Amino acid sequence: MAGEGSSTHVLRMLADPKAVADGVPLVYQRLFTFEPVSDLALLAGRGEELAGAMDRWERWKREDAVPLIVRGRQGTGISSFLNVLCAQIARRDENVLRIELPERIGNEKVLARLISRRLGLPSCAGLAEVASAVFDTHETPGVVALDNLEHLYLRVPGGTDLTERLLTLMSETEPRIFWIGGISTSAWQLVSTAEPNAVSQVEIFDLSPLTPEELREAITVRHQRSGLPVRFEEPTEGRALLRRRLRRARTAEARRELLVADFFDQLQRHSGGNLRLALFLSLEASDFESGDGLLMHPPMKPDFSLLETLTLTQNFTLKAFLEHRTLTLTEHDRIFRLPRHESYQIFESLVNRHLIRALPRTRSEGEERSEVEEELRYSIRPLLVGAVIAHLTARNIVH
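Participant: Please clarify how the sheet that holds strand β4 (residues 178–184) should be interpreted in this entry.
Facilitator: Within a sheet, adjacent strands bond to each other through the backbone by hydrogen bonds, running parallel or antiparallel. Spatially, 5 strands are ordered β2-β3-β4-β1-β5 in an open sheet, and the strand pairing comes out parallel. Single-partner strands in this sheet number two, and they are β2 (96–100) and β5 (203–207). Taken pair by pair, the neighbouring strands of this sheet meet at an average axis angle of 20 degrees, ignoring direction. Where strand β1 (residues 68–72) lies against β5, 5 bridges are found, and the strand directions are parallel.

Here it is, written out as structure tokens:
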């Protein structure tokens, strides 16, 4: 795909990864899914982190741990990590509850009612009431995981108050419940700056971007589970250094290792360590019609040069998306103190460039017409998160 079109073409393709996924066998669609996973084997590359989190839970059982906040950049697999972590704890006969926050909650009463209902408690009007109810019953889950904590705050005056009260609830009820929260690094930076005392009540657990070795492990285990033999294409022109090393290799296994290492080195560089993008680039490079098994062509290098044309206003809006996970027009108005028509224009410009998407999708996959809608929630397209982070980091907008 490299060299096949402009940056706009690449962004359009990454905006609709289903078109590529639909062209591969069903087993590969399942193994290379772009959605969060729950299968321990597909969490390859996170063994050390998983063991560390399980150790925190074991310490909590010995009354030697505090609530845990799993933090990482968007695209590092926080939701998958929480899925697998909860499944591993549940296998130890622990009652586990997982709560996902798909939309922003700005009202304590709404959050208290949600948590009390999911915990099986009487309906509570505040988080302090939830804390009291937890100690009044013997039926609460031993572990509660809250994902997408970005949806509990807004970067406005007083916008972290609800997060502060939730962290206090987690700390107060820690003797009865081991709390685990999932949040992006960008969001946690804002919360920790605004609420330093509240964040001191919890322990931070970082998920770093995958290393080249971990990325290779994550992709390789998927190929192995497919059952198909995998070959890697040898260069016939260019790549002089690699071709010279291949000629010097004495065995077929040594030649294969050179090709495999080169493929994953390119994949790491082109994906920036973002697993979703790496999975997509792997599928795009897969040739299922080249004879026995699967032939892997070199991964394409996506052209993200269109990001260089964005204005400062567009860049800071993308930063706000990283901090908040999703935004509506109304929330954007409040954060930037803009009139509605200006927020609309900014969203429209980012939708037209295939950088953000509406949640849920309200029009057919093939429809190209753009129309920002008033109350819909928008997010950065998942396969572009890594490129957006790299772009904003290079401009010292994200740190």
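Read on for the rest.
Participant: Please explain the side chain of Gln 74 as it appears in this structure.
Facilitator: With respect to the helices and strands, Gln 74 occurs in the loop between β1 and α5 (78–90). With relative accessibility at 14%, the residue Gln 74 sits in the buried group. At 3.0 Å, the side chain of Gln 74 and the backbone oxygen of Leu 322 are in polar contact. Excluding residues within four positions of it along the chain, Gln 74 makes contact with Ser 184, Asn 274, Phe 321, Leu 322, Arg 325, Val 385 and Ile 389.

Participant: Explain the packing of helix α6 (residues 108–118) against helix α7 (residues 127–136) here, please?
Facilitator: With their axes 8 Å apart at the nearest point, α6 and α7 run at an angle of 20 degrees to one another. By the angle class used here, α6 and α7 are roughly parallel. The residues of α7 that touch α6, namely those facing Glu 108, Leu 111, Ala 112, Ile 115 and Ser 116, are Leu 127, Ala 128 and Val 130. Per-class residue counts for the contact of α6 with α7 are 6 nonpolar, 1 polar and 1 charged.

Participant: Please explain the side chain of Asp 147 as it appears in this structure.
Facilitator: Within the secondary structure layout, Asp 147 lies in strand β3 (residues 143–147). The exposure class assigned to Asp 147 is buried, which follows from its relative accessible area of 1%. Among the polar contacts listed, one links the side chain of Asp 147 to the side chain of Ser 79, at a separation of 2.6 Å. With near-sequence residues (within four places) excluded, Asp 147 lies in contact with Ile 78, Ser 79, Leu 82, Arg 98, Ile 99, Glu 100, Leu 101 and Gly 182.

Parameters at a glance
- Residues numbered from 1 in each chain as written.
- Predicted model: local features only at pLDDT ≥ 70, side-chain atom pairs only at ≥ 80, totals over all residues.
- Heavy atoms only, no water.
- Pairing = 2+ DSSP bridges.
- Helix = DSSP H or I, 4+ residues; strand = E, 2+ residues; numbered from the N terminus.
- Axes fitted to C-alpha atoms, helices over the stretch in contact; angles between N-to-C directions.
- Buried < 20%, exposed > 50% of the residue type's maximum accessible area, 1.4 Å probe, protein only.
- Polar contact = N/O pair within 3.5 Å; in protein donor to acceptor, adjacent residues only side chain to side chain.
- Contact = heavy atoms within 4.5 Å.
- Parallel < 35°, antiparallel > 145°, perpendicular 65-115°, else oblique.
- Nonpolar A, V, L, I, M, F, W, Y, C, P; charged D, E, K, R; others polar.

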